[in-house]
Amino acid sequence: MSKLEQFIQQAVSDVPISGTSLIVSLYGDALAHRGGEIWLGSLAVLLEGLGFGERFVRTSLFRLNKEGWLEVERVGRRSYYRLTDFGQRQTRRAEGKIYRAGQPSWDGAWLLLLSEGLEKNTLQQVKKQLEWLGFGALTSSLLASPSQQLADVQSLLHEAGVAEQVICFEARSPLPLSQAALKSRVETCWQLTDKNARYAEFIQSFRPLLPLLKDADAQALTPRSCFLIQLLLIHFYRRVVLKDPMLPDVLLPPHWLGQQARQLCINIYQRVAPGALAFVSEVAETSVGELPQPGAAWYQRFGGVLTSP
């Protein structure tokens, strides 16, 4: 067993992996930009290298279908699973965080949402979605974000059916004397210490992989191993970065590890992406044959680090 194979097995065994979450990672990283559809048998082949059998795959797909992420089409005895409209929207929103090249720029403006008129259960659901976008709760009914586009927020509120019940404001904090209090409030509201610790865990787990990739020969760094490494990389990075509010640098605490984790992810992704792309092309089948090649947007991930063939 090569050192890369040992790394893959260790990564799978160290932390319990949810089948639904792993398959969402796979769709978002490898399939969304290539039509978003795959045959069940192909998906089982892609995941068997991580030790997951067809029963694991079927159970996970069944759950994702019930949750509205995937729809299934049966052609003869074969089942093909594709992203639903909901799954595509969620995937696009996640891409904005996962594959960005750096922290967002900031002009000092804040977007504030006042949600006092919402019923309790609705409020909890909407807050959860907004916090996933990067909002923090200044009070129980006042959410804030320094880096969200109003159009994106309005789209989410319309989808949730609460656009007419949530009041939107734009505001600034111009007083220099209040900056220390603001940063302290940001630290608490966005739980940045906990998120920084998660970035530290990701770095500790994947930093040893870089020298292994540099030293690996072609026999060890096969398209299959590239795919497995890329899937695990994005799956574990996704679990951390989607909880990152993507605050501008000026609001972050000292020694914030988000950019270091992102650069580590970029460096590994660049090395394995060509092989991973080739392996998915070789294995995956759709209801009309081969997967289409990824479009131009795929090559713009992480600021355009990937090279077109």
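The rules we used
Residues numbered from 1 in each chain as written. Predicted model: local features only at pLDDT ≥ 70, side-chain atom pairs only at ≥ 80, totals over all residues. Heavy atoms only, no water. Helix = DSSP H or I, 4+ residues; strand = E, 2+ residues; numbered from the N terminus. Rg over C-alpha atoms; globule rule 2.2 N^0.38 Å. Buried < 20%, exposed > 50% of the residue type's maximum accessible area, 1.4 Å probe, protein only. Areas by Shrake-Rupley, 256 points an atom, 1.4 Å probe, with all protein chains shown as cover. Lys, Arg positive; Asp, Glu negative; His and termini not counted. Charge placed at Lys NZ, Arg CZ, Asp CG, Glu CD. 1 Å grid on protein atoms, 1.4 Å probe; cavity = no way out; pocket = protein on both sides within 12 Å on 5 of 7 lines; lining within 4 Å. Points joined across faces, edges and corners; volume = space filled by probe spheres on them. Nonpolar A, V, L, I, M, F, W, Y, C, P; charged D, E, K, R; others polar. Phe/Tyr/Trp six-rings, centres within 6.5 Å; stacked < 30°, edge-to-face > 60°. Lys NZ or Arg CZ within 6 Å of the ring centre and 35° of its normal. Axes fitted to C-alpha atoms, helices over the stretch in contact; angles between N-to-C directions. Parallel < 35°, antiparallel > 145°, perpendicular 65-115°, else oblique. Contact = heavy atoms within 4.5 Å. Pairing = 2+ DSSP bridges.

Peer 1: Explain the overall build of the protein residue by residue, including any values.
Peer 2: A tally of helices and strands in the protein yields 12 helices and 9 strands. Taken against the 2.2 N^0.38 rule, which gives 19 Å for 309 residues, the C-alpha radius of gyration of the protein at 21 Å falls within 12% of a compact globule. Projected onto the principal axes, the alpha-carbon positions of the protein cover approximately 60 × 45 × 35 Å. When the 309 residues of the protein are sorted by exposure, 47% land in the buried category. Roughly 15,700 Å² of accessible area belongs to the protein as shown, and the carbon and sulfur atoms make up 50% of that amount. Put simply, the protein has 32 plus and 29 minus side-chain charges, and the middle of one group is 3 Å from the middle of the other.

Peer 1: Can you break down the layout of surface pockets residue by residue, with the values?
Peer 2: In this structure, the second largest pocket occupies an estimated 660 Å³ of space. Along the walls of the second largest pocket sit 25 residues, with Leu133, Ser147, Gln148, Gln149 and Asp152 positioned nearest its centre. Looking at the lining of the second largest pocket, the elements with two or more residues in it are helix 5 (85–98), strand 4 (109–114), helix 6 (120–133) and helix 7 (150–160). Looking at side-chain class alone, the lining of the second largest pocket contains 10 nonpolar, 7 polar and 8 charged residues.

Peer 1: For the packing of aromatic side chains, give the residues involved together with the corresponding values.
Peer 2: Taken as a whole, this structure holds 14 aromatic pairs when the rule is applied. Measuring from ring centre to ring centre gives 6.0 Å for Phe206 and Phe236, while their planes differ by 50°; the resulting arrangement is tilted. Of the two residues, Phe206 is situated in helix 9 (residues 192–206) and Phe236 in helix 11 (residues 223–241); the sequence distance between them amounts to 30 residues. As far as burial versus exposure is concerned, Phe206 and Phe236 are alike and both buried. Taken together, a centroid distance of 4.8 Å and an interplanar angle of 85° make the contact between Trp298 and Tyr299 edge-to-face. This pair shows no difference in class: Trp298 is buried, exactly as Tyr299 is. Members of the aromatic cluster, connected to one another through ring pairs, are Phe7, Phe202, Phe206, Phe236 and Tyr237. Its end group placed over the ring of Trp132, Lys97 keeps NZ or CZ at 6.0 Å from the ring centre. Stacked on the ring of Tyr99, the Lys or Arg Arg301 has its end atom at 4.1 Å from the ring centre.

Peer 1: Any details on the packing of helix 2 (residues 19–31) against helix 3 (residues 40–48)? Residues and values, ideally.
Peer 2: Where helix 2 meets helix 3, the axes come as close as 12 Å, and the angle between the chain directions of the two elements is 105°. Relative to helix 3, the element helix 2 lies roughly perpendicular. Of the residues in helix 3, those touching helix 2 at Leu22, Ile23, Leu26 and Tyr27 are Leu43, Leu46 and Leu47.

Peer 1: Requested: an account of the sheet that holds strand 3 (residues 78–83), with residues and values cited.
Peer 2: If you trace the 3 strands from one edge of the open sheet to the other, you get 1-3-2, paired in antiparallel fashion. The open sheet has two edge strands with one neighbour each: strand 1 (37–39) and strand 2 (70–75). Across the sheet, the mean angle separating the axes of adjacent strands is 25° when strand polarity is ignored. With 6 bridges connecting them, strand 2 and strand 3 associate as antiparallel partners. Counterpart to Arg74 in the pairing with strand 3 is Ser79. Here helix 2 sits on the sheet and contacts strand 1, strand 2 and strand 3; the angle it forms with strand 3, its principal contact strand, is near 75°. In the packing of helix 3 onto the sheet, contacts are made with strand 1 and strand 3, and the angle to strand 1 comes to roughly 85°.

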